[in-house]
Amino acid sequence: MLEPKEIDGPTARARGIQQGWWAVTQDGAPVSGPYPTREAALVGIAKRGEDQPTGRPGEDPVPAPE
């Protein structure tokens, strides 16, 4: 399940991402973002759904059929 989390400047720099609100996995891995507000992150999570690709390089943009 994805949840919104604000990632601050030092943490963002350490992870090589931009600071802001992110959709993160239960183990804290950023999946989608950054968003300007917590509310925007919640909307992004709701629109995205958990079964969508992360947009990371090398990932197939279309999930495999089940």
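Criteria and thresholds
Residues numbered from 1 in each chain as written. Predicted model: local features only at pLDDT ≥ 70, side-chain atom pairs only at ≥ 80, totals over all residues. Heavy atoms only, no water. Helix = DSSP H or I, 4+ residues; strand = E, 2+ residues; numbered from the N terminus. Contact = heavy atoms within 4.5 Å. Buried < 20%, exposed > 50% of the residue type's maximum accessible area, 1.4 Å probe, protein only. Polar contact = N/O pair within 3.5 Å; in protein donor to acceptor, adjacent residues only side chain to side chain.

Q: Explain the overall build of the protein to me, please; I cannot follow it from the model alone.
A: Scanning the protein from N- to C-terminus turns up two helices and three strands. For the protein, the N- to C-terminal ordering of α and β elements is β-α-β-β-α. Pairs at least 24 apart in sequence give 19% of the contacts found in the protein among residues at least 6 apart.

Q: What's the story with unusual backbone geometry in this structure? I'm lost.
A: Working note: non-glycine residues mostly have negative phi, and peptide bonds are mostly trans. Here the amide bond leading from G33 into P34 is cis, since omega sits at 0°, within 30 degrees of zero. Among the structural elements, P34 can be located in strand β3 (residues 30–35).

Q: In this structure, what is going on with the environment of R15? I would like to understand it.
A: Relative to the assigned elements, R15 resides in helix α1 (residues 9–15). Taking the relative accessible area as the measure of exposure, R15 reaches 39% and is therefore partly exposed. A polar contact of 2.9 Å, which involves the side chain of R15, links it to the backbone oxygen of G28.

Q: So what exactly am I meant to see when it comes to the side chain of S32 here?
A: Inspection of the secondary structure puts S32 in strand β3. A distance of 2.8 Å separates the side chain of S32 from the side chain of Y35, its partner in a polar contact. Contact partners of S32, with chain neighbours within four places excluded, come to W22, A23 and R48.

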